[in-house]
There are 4 protein chains.
Amino acid sequence: MTQKTWGGRFSEATDKRVEAFTESISYDHRLYRQDIQASQAHTRMLAAVGLLSQQEAEQIVTALEEIGQDIAAGRMPWQIELEDIHTHIERALIARLGDLGRKLHTARSRNDQVVTDVKLWVREAIDQIDSRLEDLQRAFVRFAEREEGVILPGYTHLQRAQPVLASHYALAYVEKWQRDRDRLAEARRRLNVLPLGAAALAGTSLPIDRDMVRRELGFAELAANSMDVSSDRDFVLDYVYALAVLAVHLSGWAEEWIIWSTTEFSFLELPDAFCTGSSIMPHKKNPDVLELIRGRSARVIAALQQLFVLLKGLPLAYNRDLQEDKIALFTAHDTVNACLEVAIPLVEGSRLRRDSITARLEDGFLDATTLMEGLVEMGVPLRAAHEAVGRLVQECEQRRCRLAELPEEVFQHLLPQHLDDSGRLRSRLGTAAALAAFRSHGSTAPAEVKKQLQLWKQRLRLDPAQH
Amino acid sequence: MTQKTWGGRFSEATDKRVEAFTESISYDHRLYRQDIQASQAHTRMLAAVGLLSQQEAEQIVTALEEIGQDIAAGRMPWQIELEDIHTHIERALIARLGDLGRKLHTARSRNDQVVTDVKLWVREAIDQIDSRLEDLQRAFVRFAEREEGVILPGYTHLQRAQPVLASHYALAYVEKWQRDRDRLAEARRRLNVLPLGAAALAGTSLPIDRDMVRRELGFAELAANSMDVSSDRDFVLDYVYALAVLAVHLSGWAEEWIIWSTTEFSFLELPDAFCTGSSIMPHKKNPDVLELIRGRSARVIAALQQLFVLLKGLPLAYNRDLQEDKIALFTAHDTVNACLEVAIPLVEGSRLRRDSITARLEDGFLDATTLMEGLVEMGVPLRAAHEAVGRLVQECEQRRCRLAELPEEVFQHLLPQHLDDSGRLRSRLGTAAALAAFRSHGSTAPAEVKKQLQLWKQRLRLDPAQH
Amino acid sequence: MTQKTWGGRFSEATDKRVEAFTESISYDHRLYRQDIQASQAHTRMLAAVGLLSQQEAEQIVTALEEIGQDIAAGRMPWQIELEDIHTHIERALIARLGDLGRKLHTARSRNDQVVTDVKLWVREAIDQIDSRLEDLQRAFVRFAEREEGVILPGYTHLQRAQPVLASHYALAYVEKWQRDRDRLAEARRRLNVLPLGAAALAGTSLPIDRDMVRRELGFAELAANSMDVSSDRDFVLDYVYALAVLAVHLSGWAEEWIIWSTTEFSFLELPDAFCTGSSIMPHKKNPDVLELIRGRSARVIAALQQLFVLLKGLPLAYNRDLQEDKIALFTAHDTVNACLEVAIPLVEGSRLRRDSITARLEDGFLDATTLMEGLVEMGVPLRAAHEAVGRLVQECEQRRCRLAELPEEVFQHLLPQHLDDSGRLRSRLGTAAALAAFRSHGSTAPAEVKKQLQLWKQRLRLDPAQH
Amino acid sequence: MTQKTWGGRFSEATDKRVEAFTESISYDHRLYRQDIQASQAHTRMLAAVGLLSQQEAEQIVTALEEIGQDIAAGRMPWQIELEDIHTHIERALIARLGDLGRKLHTARSRNDQVVTDVKLWVREAIDQIDSRLEDLQRAFVRFAEREEGVILPGYTHLQRAQPVLASHYALAYVEKWQRDRDRLAEARRRLNVLPLGAAALAGTSLPIDRDMVRRELGFAELAANSMDVSSDRDFVLDYVYALAVLAVHLSGWAEEWIIWSTTEFSFLELPDAFCTGSSIMPHKKNPDVLELIRGRSARVIAALQQLFVLLKGLPLAYNRDLQEDKIALFTAHDTVNACLEVAIPLVEGSRLRRDSITARLEDGFLDATTLMEGLVEMGVPLRAAHEAVGRLVQECEQRRCRLAELPEEVFQHLLPQHLDDSGRLRSRLGTAAALAAFRSHGSTAPAEVKKQLQLWKQRLRLDPAQH
């Protein structure tokens, strides 16, 4: 008898090259726990509806448990002629139980079996990434606390724009990670629909009880259409998409900290343990971890594209192309998971170089916009105030001075109207004063930032005593 | 005075080539309604907090209204030296109101203004696509009703697998469109957070009331971090991703119907009005609309990729690169919108060619699996039953006959155990009998399909009288 | 002393997680032969210029040879704390030769070393794929010979268009594979420029002789700018691009043969050894290999995208992100290589099902265009002829007959002018006659096809006796 | 009579929505010159083989010329019911010449006509981009000349690595642009094969002379297989790929100059005319052009991806999906063309800020590697020298000094062996000395750079008098 789960109608053995080409065991062995879990639930259901005796079911469930232990202990040799994890486990079951093992696959197909296993796997994966993201949020919140009071230049177009609190900066990322978590939660909710029972594509004539399996496996609903199940990989797309957005967020942050770690910026001290050196240049301390986080976003984005290209133009229902979904899925998950694993301690271990930051904090006219807003508050139309301050900046550039250093007469001369008292305006000059002037909701105003910081500490259950 | 919204500090005029290179008016003019709506809400708020007088605010609101009418009527000439829609509208306001117009931009930046406009636009776009998707669902449900009772071969690997009801087939797509709608709803929920008030990246020192603007523009929440707002394009990603998945669903369906329209399949009659001919081959009737729906999925997938590539590696906060997001956004939306617009009547106008389908319905052993399940119900282990039926099929292929046509002795001989009564098994043979045997939840069993059809008719408010 | 190739300036050991995150040994061990080859050439050059003694060089070359044998024999344990293949080999050298081993890295950096190794690897990879492509061409040419004389319906829009010879069809793919080979040859030519000697990014102050290394490693030219070398991955892009186009060609062919293998088309008999079955449906014979070839094109296309995303926005010179290039490179190569490996015997083993093809060859008006061209030759303007034949086809559809079966009076009536002798026109009707009428260069005209077939047999050195 | 080029067999008019959905005139009108050129060549050939009289041909050629002038002058109204540029021109011809116009399409199909037109268009596009690239090379060479002698820090991992000449830096990009030009030249060579005469997919029964058309249109070869022609879009892929690589090169350069333009780096002064300001922050001078060049690389990369997704899984021969190729093609070309147009003057107008560069040139241990190489030349094994210099750097960091500033005893103490004369080593310290020490081919050694600069000036015909 053939080793395959099929073969009765075939008169020629599968070509060895075809076995090597079509196998998935080299990567889908990762699904073994989920496969066993789903098979056990399926077995109990088969017994409940009378397709197995209670005793048969118990034997199968126990044997599956043992097979799972064997696999966990590395005692299961993978064989490419056994194609995939599902066949390996079924063959091991038959090896233990004989004909009884041959009954496990009753009323199911690999089509619905695989999707069930993968959904179980993705559900766990989502929970893992979500938990890491929460830790990453905590690391950024702790950064925000640690660097409280530090003023940074804020950038647009990578040009110095306005002053921001380091805490405000850090919390911007906490918001991004939160949207990533929301996206994961939605992906999880949408996938949580049981496929098992759809069989190959049309359901089955056997009297199964899908709802019992659903309850046991913790799915929220039953998939309502078997052809949809057989062809659907939306849940893989949704998860990999969420990972891709997360990877892009990570890439932007990594880019920023790479720039901050240059000699020129000198904003950040990365922990030595998270940097590497050069084989030729003995003085180098390179932000390799950040570079790889940035570069690996490409893997995740590409994994999503792989899925789209894969799925494009496939008719109903199952097509073998779909086997490839796991390649993209595992790549995207592993990559992001690894990035998060190193990102968290890297953030915890990094320190702002306050001296360097402060040394040049008055460069770049970070106070210009607040000055302009001061004029607006005095009644100058916005566009006119904008022009006036623009001219002041031009004057400063020629004189190579700061706004606060402009002589009073120049100041007066270039303003759009005579000022009896330029003092109020001038009191807004300098980066610290400019920062202190902010007040809008969600702004870098110190009070606003403090409020947000408190909110996040509560939300993330960050006990003050904890760090 | 320069026409730009900036320029005070510049000593050299912008190069003409740069104006042509950096302009966005050629495509962002589509945001004019949203820009006016947001500016009006902003104006009312400025008045409420005293940065404008009530009268000033009314003048601005009225003038903006008129400008909107001008644009709607095609009376606004677009000029690339005015960069974008925001500048055009502000310049038009200044042309009408002089210095007062110069006050509109108080306490906001183009950074938060653009994001607000685009969010308003995307929110409407989502609603439009959702409504079209609902119509598409209705078209498929009506197809399911129209073709009730028709049996189709169901395929896996594009090989005949098991019989399915045409209605079951059609409802599989209704499930897919529903997930697409869910995805859109989530994208909508996540974007519904007001950015305005974040200003350039740090907020403002002016005493604005963001919550008032939020209420007027119908956002659910306030964005909590100005630096996040300035750098965030997640909402564009989320929408374009939802469109890309939808486009892939459309591409698979289109592929299927292209195949169904071949001479060889002859399953489907497409309406003449939705096909085109050939410039050289006078007999051709080509499914061009379906081919273009399939092909245009590439545009949407590529638009998503464009966004990912665009966003990869950008540090905080706003970078000019982000201007490019609208190219991808508009392309993806327009493409999917156009595809849906033609897909709906195409589905409504297409008919299954029942004669052709029936003529070959007994080909391809569509009853083999049900036969096997019959053996299982008689106590034969699944794998043994599978082998046995496999051998029956092989025998049929050699004899060029169907399962129902096999002589009784062959039937008996190849079964795994002696049957006193093969009649019960043989009664399952033939496609119609095989179909009738299904019973699991979500399967193609006639009763199950009828139930699902009723559910969808209710859900989509499809009144029986309506069609 | 640290195990790293760097580390003197570091006060903290590398974090274990960072070692796991930054290692590349798990995949770049594939470069070991190339690394040894390049290091041996480098060593000989160091001796030639006096940076090593002749005896030192010989010791190193010999030790490297032995290390290579160890690796080939699986005797080298990979350790992630040794980062990459380059460090492994260098450490093994030091273990054997002590201080002398420490001299190997003189006047080079991992930056130029890696690029040299990868270029050597890609050069071999190109040769391997080119050779497989030549075999694939041969398989298609043999198909063309084997099926000589068989007439197929040719399709546009997947609708029957005009008759074509099966040989003409097969040779169309031979042309595509040839362009793929041309693309590979160009990629090879462009990469064949020696990077070694560029060191980290600026060259070296040591008196090296790059041209000697170039000659030994068989490169055509020396890279002229060290900063370019340090940042350049064009050659990886070029190769992966060539693979992606090839993969897309394969995907189209696979799609076509999947369709041809349906019950409905029944054009093709795939060898059993290249198909697989179903775990639930005992009658299935699925074209899995073709489906996976189609689906795996997504991996290759995604690998190219990964590279583009990776490289986007990187400043000069080397950045650690570049390490990721090998992931994409190896994936693309392995995938295409495996696809070709199975595609070749699959083509060799497949047969057209001539009976099925012939049985419906007169369906679909394959002769309509030739009829129209007959009218044109009789002086009817093309567009008028097109209309006339269009009406004939419409008439046939109503009568459910073929063009050749139309009554003479209908024929005469619908033609644009009175025909004294419609016989000449009618002699062109029927698929065989239509096919025979072709005559343009590059067309499916039998004589043209024969000529092309001969050309390809010569070009591919296909001896008639060989098969 | 229908306006379409087909329609005889259709009993129902095309749905208006379908016309809007399937039209391509809104973008393929750009092909009008090529369409006319190819039609004129086709016409002359038809006359030469007797399918038209000489006089008919002359009338057609003349009328086509006039139609071309009408289009150039904007006198041709585009109508979506006329689908595409080919139909517009043919209808205009019939409007002028009546029945004679109906003869133009003899012996060709839109399938081969479109490909011919697009190939002609791409050939011109390649020439245009190549010419711009040459100008860009010249701009970089002039930069190299203008900044001759300026020393820059060279970076790896964006960390200061070794000193490089500004000219060396600039020439690295000249190498990259050259590879881009090589890629374009190859794409051009491969596309230069005439498709016309392949007709729909099978060739024609009419006695055409393809070689005559080939000569007139300047193609190097005749396409040898009509089915290949009908399905082939490799030439679009090749061109868009070349553009995508170029776009990625541009993105890296743009990124670098954006970083160089920060307050922190202050390496570069961009011309005011190539920067823009902020609507809210009056002091901003933003490198928008560079940001958009970086960001627009995403469009080009996505265009390539669009093509791959489009082509994936399409069977032979022409499918309507292929119409979409022009969207990607035009987008990619226009984007890159526009980027080059602004990049050239931007490079010409930019200046290194030598003071700022020099002020920090001794930071970052740019001389460490040369010091190490000095030890190697004295016989210290590379790895030992590397360690020793690493320790020197560590010492400097603790003392916050430069290598040249280390006390002699520390210097001696940390070196791997006693030095009688550390003077020779110390003479290599300092950035200028380190730079002067380079000597390898292709390195930043002043003599090497001068040589390369001369070579490029000759190659690009840059006359010293010219600038």
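The numbers attached to residues start from 1 for each chain and follow its sequence in the written order. Both sets of labels track the order of writing: A upward for chains, 1 upward for ligands. The predicted nature of this model means local features are confined to residues of pLDDT at least 70 and side-chain atom pairs, given and counted, to a pLDDT of 80 or more, with totals for whole chains, interfaces and linings taken over all residues. Just so you know, side-chain values use all the structure's heavy atoms and leave hydrogens and water out.

A.B. asks: Would you mind going over the relation of the copies chain B and chain A with me for this structure?
C.D. replies: A rotation about some axis, followed by a shift along it, carries one copy of the chain onto the other. Least-squares superposition of the copies uses the C-alpha atoms of those residues scoring a pLDDT of at least 70 in each of them. Laying chain B over chain A is done by rotating through 180° and shifting 0.0 Å along the axis; what remains is an RMSD of 0.1 Å. Such a combination of turn and shift is consistent with a two-fold rotation axis. By residue overlap, the copies meet face to face through one surface: 100% of the interface positions of chain B are interface positions in chain A. Any two residues whose heavy atoms approach within 4.5 Å at even a single point are treated as in contact.

A.B. asks: Would you mind showing me how to read the relation of the copies chain C and chain A here?
C.D. replies: Mapping chain C onto chain A calls for a rotation angle of 180° and an axial translation of 0.0 Å; the resulting RMSD is 0.0 Å. Looking at the interface residues of chain C, 100% of them are also at the interface in chain A, so both copies use one shared face.

A.B. asks: How do you make sense of the interface of chain B and chain A when you look at a structure like this?
C.D. replies: Much of the literature gives interface size as the accessible area that the parts lose upon coming together. Each side of the interface is counted separately: chain B has 114 residues, and chain A has 114 residues. For this analysis, a salt bridge means a side-chain nitrogen from Lys or Arg found within 4 Å of a carboxyl oxygen belonging to Asp or Glu. On the surface where chain B and chain A come into contact, there are 18 salt bridges. Between D238(B) and R183(A) there is a salt bridge, with the nearest N and O atoms lying 2.9 Å from each other. Each helix is a run of DSSP H or I of at least 4 residues and each strand a run of E of at least 2, with the numbering of both proceeding from the N terminus. No other element matches the 13 residues that helix α7 (residues 166-191) of chain B contributes to the side of chain B that touches chain A. Each residue gets one label: Ala, Val, Leu, Ile, Met, Phe, Trp, Tyr, Cys and Pro are nonpolar, Asp, Glu, Lys and Arg are charged, and the others, such as Gly, are polar. Of the residues contributing to the side of chain B that touches chain A, the split by class is 43 nonpolar, 39 polar and 32 charged.

A.B. asks: Before we go on, may I ask you to explain the domain arrangement of chain A in this structure?
C.D. replies: Boundary definitions for the domains trace back to an automatic or database domain assignment. When the domains of chain A are assigned, the result is domain 1 (14-106), domain 2 (111-149 + 165-359) and domain 3 (368-466). Centre-to-centre separation of domain 1 of chain A and domain 3 of chain A, based on C-alpha positions: 68 Å.

A.B. asks: Looking at this structure, how should I read the interface of chain C and chain A?
C.D. replies: Between chain C and chain A, the residue contacts involve 63 residues of the former and 63 residues of the latter. Here the quantity called buried area is the accessible surface, traced with a 1.4 Å probe, that two parts lose on coming together, added over both. Both faces considered, chain C and chain A share a buried interface measuring about 5600 Å² in area, 62% of it formed by carbon and sulfur atoms. At the junction of chain C with chain A, the criterion picks out eight salt bridges. The shortest N-O distance in the salt bridge between D288(A) and R320(C) comes to 2.4 Å. Whenever a nitrogen or oxygen atom comes within 3.5 Å of another N or O atom, the pair is scored as a polar contact, on the condition that within protein one atom can donate a hydrogen and the other can accept it, and that pairs from neighbouring residues in sequence are kept only if both atoms are in side chains. Connecting chain C to chain A are 16 residue pairs in polar contact (both at pLDDT 80 or more).

A.B. asks: Please explain the packing of aromatic side chains as it appears in this structure.
C.D. replies: For any pair of aromatic rings, geometry is given as the distance between the ring centres together with the angle between the planes. Each aromatic pair joins two rings of Phe, Tyr and Trp (for Trp, the six-membered one) with centres within 6.5 Å, and gets the label stacked for planes under 30 degrees apart, edge-to-face for over 60, and tilted for any other angle. Enumeration over the complete set of coordinates arrives at 64 aromatic pairs over all chains. Arranged with centres 5.5 Å apart and planes meeting at 40°, the rings of F140(A) and Y173(A) form a pair that is tilted. A residue pair is termed long-range when its members are at least 10 positions apart, and F140(A) in helix α6 (residues 110-146) and Y173(A) in helix α7 (residues 166-191) qualify at 33 residues. Burial status follows relative accessibility: with a 1.4 Å probe on protein chains alone, a residue under 20% of its type maximum counts as buried, one over 50% as exposed, and anything between as partly exposed. Taking relative accessible area as the criterion, Y173(A) reaches 1% and is therefore assigned buried. Geometrically, the ring pair formed by Y241(C) and Y241(D) is stacked, given 3.8 Å between the ring centres and 0° between the ring planes. Separated into two different chains, Y241(C) in helix α10 (residues 234-260) and Y241(D) in helix α10 (residues 234-260) make up a pair that spans both. Across the pair, exposure class does not vary: Y241(C) and Y241(D) are buried alike.

A.B. asks: Help me understand the confidence of the model for chain A, please; the structure alone is not making it clear to me.
C.D. replies: In low-pLDDT segments, the atomic positions of the prediction should not be examined closely. Per residue, pLDDT measures the predictor's confidence, with a range of 0 to 100. Mean pLDDT for chain A: 94, with 96% of residues reaching 70 or above. Interface confidence for the predicted complex, given as ipTM, is 0.96, next to a pTM of 0.97.

A.B. asks: Where do I start with the environment of N225(D) in this structure?
C.D. replies: Relative to the assigned elements, N225(D) resides in the loop between β4 (221-222) and α9 (226-231). Between the alpha carbons of N225(D) and L201(D) there is a distance of 8.9 Å; along the sequence they are 24 residues apart. Once you skip the residues sitting within four places of it in the chain, N225(D) turns out to touch H168(C), L171(C), A172(C), E175(C) and G442(C). Of note is the side chain of N225(D), whose polar atom sits 3.0 Å from the backbone nitrogen of M227(D). A polar contact of 3.1 Å, which involves the side chain of N225(D), links it to the backbone nitrogen of D228(D).

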